[in-house]
Amino acid sequence: MTPDGPPPIEAAAAALRRARRVVVLTGAGVSAESGVPTFRDALTGLWSRYRAEDLATPQAFLANPKLVWDWYAARREKLAQVEPNDGHRALARLEALVDDLLVVTQNVDGLHHRAGSRNVLELHGRLDRTLCFREGTESEPDPSDTGTPPRCPRCGAHLRPGVVWFGEALPAGAFDRACEAAAAADLCLSVGTSGLVEPAASIPRVALGNGVPVIEVNPDATPLTASATWHLRGASGVVLPQLVELAFGSS
Ligand code: OAD
């Protein structure tokens, strides 16, 4: 006990136990313990000369499609070697324990799905998909196409990674759906995100604005921390399993 009441994780777990509808916003931090570098970590090795923001734009792709394609190919290769962690698994477990849980993720790594979450809204697309650069629609390269980047088999334009870049719109309706769910939820979690990239960063604020309590899980403070109902300081792979266990018991 602290002088002000129970430790934040116990109060947060009590709120989670009562909640029926839960919305969880996740960012790169939830995959950090799987070995996926967070977005704002310094880029390493080959890519240390670049800023992520200089590679993740349509302009960068137009200027140097091979460079941008290769960067995403390196990220894709890295992803093939990683596994979901206890944080992803705790969220998948939670989905089975509450009436309605939506994971809204900024991550393009597919790890929530691989951990067993089913109701996942991928705001920034998927790294394992490719789009036609001209049409913006999903298009798979012909296996015989060894180009970097390969070409769209339908129209011959370059293919591009199926992720949302800076300056681009989110998938149609995705942000509205996330905001509606946040406003109608009993509880919102914001996990492993720096809260620096809009519009995703405003989803917990939509919850707070509608009187929905927000649990933030992050080892560091973020712009959300001061207004979050509870800030649980720590790694999501540790804190999320503890939180779910405190709320619902083990297994
Ligand atoms: P960031 O890299 O900006 O932030 C990662 C956050 O995770 C930071 O606040 C860290 O403190 C936190 N963190 C690190 N390790 C953690 C752990 N083990 N458990 C919990 N939290 C941890 O990543 P995002 O907020 O996801 O957008 O970045 C948002 C968007 O910016 C990305 O989706 C991407 C990027 O530009 C696009 O590509 C459109």
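What you see is a predicted model, and the numbers here were worked out from it, not measured in a lab.

Chemist: Could you clarify how one ought to interpret the packing of aromatic side chains in this entry?
Modeler: For any pair of aromatic rings, the description consists of the separation of the ring centres together with the inter-plane angle of the planes. Counted under the stated rule, the structure contains four aromatic pairs. Ring centres 5.5 Å apart and planes at 40° place the aromatic pair Phe61 and Trp165 in the tilted group. Highlighted residues: Phe61 in helix α3 (residues 58-63) and Trp165 in the loop between β5 (159-163) and α7 (174-184), separated in sequence by 104 residues. Here Phe61 and Trp165 have matching classes, each one buried. An aromatic cluster of three or more residues is present, and its members are Phe61, Trp71, Tyr72, Phe133 and Trp165. The aromatic ring of Trp69 is capped on one face by Arg76, whose charged end is 5.2 Å from the ring centroid. Above the ring of Trp165, the side-chain terminus of Arg160 is found at 3.8 Å from the ring centroid.

Chemist: Which parts of the structure should I look at to understand α7?
Modeler: Because an α-helix packs 3.6 residues into every turn, residues spaced three or four apart end up facing the same way. For α7, the set of buried residues is Ala174, Ala178, Cys179 and Ala182. All buried residues of α7 lie within an arc of 130° about the axis, which places them on one face of the element. In the core, the buried residues of α7 are packed alongside β1 (21-26), β2 (100-105), β3 (120-122) and α8 (203-209).

Chemist: Whenever I open this one, the site of the ligand confuses me. Can you help?
Modeler: Close to the ligand lie 21 residues, the nearest being Ala28, Arg40, Thr193, Ser194 and Asn218. In this structure, an oxygen atom belonging to the ligand sits 3.2 Å away from a main-chain N or O atom of Gln106. Here an oxygen atom of the ligand sits 3.3 Å away from a polar atom, N or O, in the side chain of Asp220. The protein chains hide 90% of the 800 Å² of surface that the ligand would expose on its own. Counted by class, the shell around the ligand contains eight nonpolar, 10 polar and three charged residues.

Chemist: Honestly, unusual backbone geometry in this entry has me stumped. Any pointers?
Modeler: If a residue is not glycine, its phi is most likely negative; likewise, a peptide bond is most likely trans. Cis geometry marks the peptide bond from Thr148 to Pro149; its omega dihedral reads -5°. Its place among the elements puts Pro149 in the loop between β4 (125-132) and β5. With an omega of 5°, the peptide bond running from Glu198 to Pro199 counts as cis.

Chemist: Which parts of the structure should I look at to understand the layout of surface pockets?
Modeler: If a probe as big as a water molecule is rolled over the atoms, it shows which places are left empty. Looking at the second largest pocket, its volume works out to about 160 Å³. Of all the secondary structure elements, the ones that give two or more residues to the lining of the second largest pocket are β4 and β5. For the lining of the second largest pocket, the class distribution of residues is six nonpolar, two polar and two charged.

Chemist: Just checking my understanding: could you explain the nonpolar core for this structure?
Modeler: What tends to happen in soluble globular proteins is that the nonpolar side chains get buried as a cluster. Counting 29 residues, the largest nonpolar core has Val22, Leu187, Leu189, Ile215, Trp230, Leu232 and Leu243 as the members making the most contacts within it. Taken together, the elements giving at least two residues each to this core come down to α1 (8-18), β1, α5 (86-97), β2, β6 (187-191), β7 (214-217), β8 (230-232) and α9 (236-248). Per-element tally for this core: the top contributor is α1, with six residues. The residues touching Leu243, leaving out its near neighbours within four places in the chain, are Ile9, Ala12, Ala13, Leu16, Leu189, Ile215 and Leu232.

Chemist: Please clarify how the pairing of β6 should be interpreted in this entry.
Modeler: Each regular strand carries side chains that alternate between the two faces of the sheet. Most of β6 sits out of view: five of its five residues are buried. Neither face of β6 is open: one carries Leu187, Leu189 and Val191, the other Cys188 and Ser190, and all of them are buried. Judged from the five bridges that link them, β1 and β6 form a sheet pairing that is parallel. Among the inter-strand pairings, Val22 is bridged to a residue of β6, identified as Leu187. Handedness of the crossover joining β6 and β7 through α8 is recorded here as right-handed.

Chemist: Whenever I open this one, the side chain of Ser139 confuses me. Can you help?
Modeler: As for its placement among the helices and strands, Ser139 is situated in the loop between β4 and β5. Residue Ser139 is classed as buried on the basis of its relative accessible area, which comes to 4%. With sequence-adjacent residues up to four places away left out, Ser139 is seen in contact with Thr130, Leu131, Cys132, Cys152, Pro153, Arg154 and Leu159.

Chemist: I tried to follow the pattern of salt bridges on my own but got confused; where do I start?
Modeler: It is possible for side chains bearing opposite charge to pair when their charged atoms get close. A complete count under the given rule lists 10 salt bridges for this structure. In this structure, Glu138 and Arg129 form a salt bridge, with 4.0 Å as the shortest nitrogen-oxygen distance. Beyond isolated ion pairs, a larger network of salt bridges with shared partners links Glu122, Arg126 and Asp128.

Calculation criteria
- Residues numbered from 1 in each chain as written.
- Predicted model: local features only at pLDDT ≥ 70, side-chain atom pairs only at ≥ 80, totals over all residues.
- Heavy atoms only, no water.
- Phe/Tyr/Trp six-rings, centres within 6.5 Å; stacked < 30°, edge-to-face > 60°.
- Helix = DSSP H or I, 4+ residues; strand = E, 2+ residues; numbered from the N terminus.
- Buried < 20%, exposed > 50% of the residue type's maximum accessible area, 1.4 Å probe, protein only.
- Lys NZ or Arg CZ within 6 Å of the ring centre and 35° of its normal.
- Arc of directions from axis to C-beta.
- Contact = heavy atoms within 4.5 Å.
- Near = heavy atom within 4 Å.
- Polar contact = N/O pair within 3.5 Å; in protein donor to acceptor, adjacent residues only side chain to side chain.
- Areas by Shrake-Rupley, 256 points an atom, 1.4 Å probe, with all protein chains shown as cover.
- Nonpolar A, V, L, I, M, F, W, Y, C, P; charged D, E, K, R; others polar.
- 1 Å grid on protein atoms, 1.4 Å probe; cavity = no way out; pocket = protein on both sides within 12 Å on 5 of 7 lines; lining within 4 Å.
- Points joined across faces, edges and corners; volume = space filled by probe spheres on them.
- Core = buried A, V, L, I, M, F, W, Y, C linked by side-chain atoms within 4.5 Å.
- Pairing = 2+ DSSP bridges.
- Right-handed = clockwise from strand over helix to strand, strands pointing away.
- Salt bridge = Lys/Arg side-chain N within 4 Å of Asp/Glu carboxyl O.

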